[in-house]
Amino acid sequence: QVQLQESGPGLVKPSETLSLSCTVSGDSITNFYWSWIRQPAGKELEWIGRVFSSGNTDYNPSLKSRVTMSVDTSKNQFSLKLNSVTAADTAVYYCARGPGAGTPLDSWGQGTLVTVSS
Amino acid sequence: QAGLTQPPSVSKGLRQTATLTCTGNSDNVGNQGAAWLQQHQGHPPKLLSYRNNNRPSGISERFSASRSGNTASLTIAGLQPEDEADYYCSAWDFSLGAWVFGGGTKLTVL
């Protein structure tokens with residue numbers, strides 16, 4: 001059974017870059033899409049984007065200008081960078097497997113809280 | 001702003017049946033159906049069903065999903081206290097080229 005674990009700083013200053021990694025265990029990262037999703041406290045889920053094991057990416061149009069995702073198959077990890085952050089980027093950030101062709105976000109990490117504050 | 005529309009809250013009694021709805025359009029729900037997620041407070045979402053009524057292993061048969069046109073539904077039979085949670089629908093939007101979520105429905109079991 002695949003397991004995902006997010007890691008990265010819990011506090012980021014405004015205008016700086018948020019960087020998170022997700023380590024995948026229990027399955028290979030190869031031949032899957034891997035996503036980042038965020039959820040501000042008390043609010044709905046927002047899909048940030050996905051990266052395929054080959055490195056191909058799709059991003060949420062509303063965040064596209066600030067997002068970069070990458071994958072490191074040797075470490076079974078994928079990463080998120082979100083630049084020029086503001087307080088509005090404060091949220092719990094989840095990594096998940098999927099979505100792929102006909103398949104949804106089927107396995108999720110526990111999530112990590114990132115607060116943007118000086 | 002959510003891409004799919006869900007009622008903010010639904011309340012039903014213990015052992016009753018609740019039906020949650022999710023409205024999209026022909027670019028998302030109407031194209032390949034919806035996936036449904038359950039989220040308890042303080043926990044990550046858990047996949048309940050996808051492509052209308054495919055359930056991952058371990059998900060109770062009390063959860064069943066369907067679609068009619070651009071509206072997806074999740075029916076939860078024999079409500080239990082542990083079913084009290086937030087429920088999100090989601091789907092790929094072929095027009096946006098993005099995965100979209102509904103705003104979520106908070107289910108209260110009375």
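Keep in mind the model is a prediction, meaning the values are calculated, not measured. Counting of residues starts from 1 at the beginning of each chain's written sequence and follows it residue by residue. Numbering of ligands from 1 and lettering of chains from A proceed in the order in which they are written. In view of the model being predicted, local features appear only for residues whose pLDDT reaches at least 70, and side-chain atom pairs are presented and counted only at 80 or more, with totals across whole chains, interfaces and linings using the full set of residues. The side-chain values count all of the structure's non-hydrogen atoms but skip hydrogen atoms and water molecules.

Caption draft 1: Here's a closer look at the environment of F78 of chain A. Residue and element names in this part refer to chain A. In DSSP terms, a helix is any run of H or I states spanning at least four residues, a strand is any run of E spanning at least two, and both are numbered starting from the N terminus. Here F78 is to be found in strand β8 (residues 77-82). On the accessibility criterion, F78 (0% relative accessible area) is buried. When the C-alpha positions of F78 and G109 are compared, they lie 13 Å apart, and in sequence the two are 31 residues distant. A simple rule labels every residue: compare its accessible area, found with a 1.4 Å probe on the protein chains alone, to the largest value its type can have, and call it buried under 20%, exposed over 50%, or partly exposed in between.

Caption draft 2: Expanded view of the pattern of salt bridges. A side-chain nitrogen of Lys or Arg and a carboxyl oxygen of Asp or Glu constitute a salt bridge if their distance falls within 4 Å. A full pass over the atoms with the stated rule returns 7 salt bridges over all chains. Through salt bridges with shared partners, a single ionic network connects R38, E46, R66 and D89 of chain A.

Caption draft 3: Main features of the sheet that holds strand β3 (residues 18-25) of chain A. Residue and element names in this part refer to chain A. When DSSP finds two or more bridges between a pair of strands, those strands are recorded as paired. The 4 strands lie next to each other as β1-β3-β8-β7, forming an open sheet whose pairing is antiparallel. Whereas interior strands pair on both sides, the edge strands pair on one side only; in this sheet they are β1 (3-7) and β7 (67-72). Recorded for the sheet is a direction-independent mean angle of 20° between the axes of neighbouring strands. Where β1 and β3 come together, 5 bridges link them in antiparallel fashion. Each residue of the ladder has a partner; that of S7, found in β3, is S21. Axes, fitted as lines to C-alpha atoms, cover a helix only where it is in contact. Angles between the N-to-C directions of the axes lie from 0 to 180 degrees.

Caption draft 4: View of the packing of aromatic side chains. All names here are of chain A. Two rings from Phe, Tyr or Trp (for Trp, the six-membered ring) form a pair when their centres are within 6.5 Å of each other. A pair whose planes differ by under 30 degrees is stacked, one over 60 is edge-to-face, and the rest are tilted. One pass over the full model with this rule turns up 6 aromatic pairs over all chains. Measuring from ring centre to ring centre gives 5.6 Å for W34 and F78, while their planes differ by 35°; the resulting arrangement is tilted. Separated by 44 residues along the polypeptide, W34 in strand β4 (residues 33-39) and F78 in strand β8 bring together distant segments of the chain. Of the two residues, W34 and F78, neither departs from the other in class, the shared state being buried. Connected via pairs of aromatic rings, a cluster forms that spans F32, W34, W36 and F78. Criterion for a charge above a ring: Arg CZ or Lys NZ at most 6 Å from the ring centre, at most 35 degrees from the ring normal. Above the plane of the ring of Y33 lies R50, whose end atom (NZ or CZ) is 3.7 Å from the centre. One Lys or Arg, R97, reaches over the ring of F32 and ends 4.6 Å from the middle of that ring.

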